[in-house]
Amino acid sequence: MTKDNLGDVEIRKLPAGSLFKLCSILDCGDDWKQLMSVIPVACKEGNPPKYTVEHMKLIETAGMCQKRPYSEILLEEWGTSGKCRPTVSVLLQCLLKAELYRAADFVAVQLLKGPPPRRPESGPAAAVVYPEEPASRKDLTVASVDNIPSAPPLPSDIVTVTPIPSSTPPHLSVTPQFPSPQRAATPQNPTVLVEPDTGDVERVSYSILESAT
């Protein structure tokens, strides 16, 4: 495809990578709503808007249910609806009308391989001009930095003060020691209790004792 007929390519036939980059730009700050509000009927400038606020709400509901970018659903619906299918050049015109210059720069430079569109001289959409670097800073090199004089040496008669050690004796930690309790002495010959011999005593049954009492 030559450079001259790139603007005649329909939006629905754009590569997936180009659509992804364009959608990522339009999803920032809900720019897709501004684009949707300026899309004309039958892709002709001067016609009434094709979409309303109700259509925006339907796209938001579909995006949340399908977990898809809102701008992707918009471009898919716009690119496949009606007899007159929108082309890349029509998309660029709508982006400029909605003052979406970041997306317009992408379409003009990356898709149409042309120069970026002209921006207004004032206002939020104006191009940002960075001030030029002053000539004095451009002439500043490493050699000029080396020529900076160093600090003068210290005089030799400086008295060095040595700190005096403290005369306070070191604190000693003393752990108190208590005498252990003395145990009672064990007798050398302990007394052994011997049970008396009851072998000669006659044992009486309990029934005899009960009858006797």
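Structure: above.
A short tour of the structure in this document, coming up. (Residues numbered from 1 in each chain as written. Predicted model: local features only at pLDDT ≥ 70, side-chain atom pairs only at ≥ 80, totals over all residues. Heavy atoms only, no water.)

## What about the overall build of the protein chain?
No. 1: Regarding its fold elements, the protein chain presents nine helices and zero strands.
No. 2: Listed by position from the N terminus, the elements making up the protein chain come as α-α-α-α-α-α-α-α-α.
No. 3: Counting across all 213 residues of the protein chain, residues that qualify as buried make up 24%.
No. 4: Of the roughly 17600 Å² that the protein chain leaves accessible, carbon and sulfur atoms contribute 58%. (Helix = DSSP H or I, 4+ residues; strand = E, 2+ residues; numbered from the N terminus. Buried < 20%, exposed > 50% of the residue type's maximum accessible area, 1.4 Å probe, protein only. Areas by Shrake-Rupley, 256 points an atom, 1.4 Å probe, with all protein chains shown as cover.)

## Side note on the packing of helix α1 (residues 16–26) against helix α4 (residues 70–79)
No. 1: It is at 8 Å that the axes of α1 and α4 come closest, and there the two elements cross at 120°. It follows from the interaxial angle that α1 and α4 lie oblique. Between α1 and α4 the crossing geometry is right-handed. Contacts between α1 and α4 involve Leu19, Leu22, Cys23 and Leu26 from the former and Ser71, Glu72 and Leu75 from the latter.
No. 2: Here the contact of α1 with α4 is built from residues that sort into five nonpolar, one polar and one charged. (Axes fitted to C-alpha atoms, helices over the stretch in contact; angles between N-to-C directions. Parallel < 35°, antiparallel > 145°, perpendicular 65-115°, else oblique. Left-handed = near helix turned anticlockwise from the far one by under 90°. Contact = heavy atoms within 4.5 Å. Nonpolar A, V, L, I, M, F, W, Y, C, P; charged D, E, K, R; others polar.)

## Points about the pattern of salt bridges
No. 1: Under the definition given, this model contains six salt bridges.
No. 2: Between arginine 119 and aspartate 105 there is a salt bridge, and its shortest N-O distance comes to 2.7 Å. You can see arginine 119 sitting in the loop between α6 (101–111) and α7 (135–138) and its partner aspartate 105 sitting in helix α6, a full 14 residues away along the chain.
No. 3: A salt bridge links glutamate 121 to arginine 118; the shortest N-O distance between them is 3.9 Å. (Salt bridge = Lys/Arg side-chain N within 4 Å of Asp/Glu carboxyl O.)

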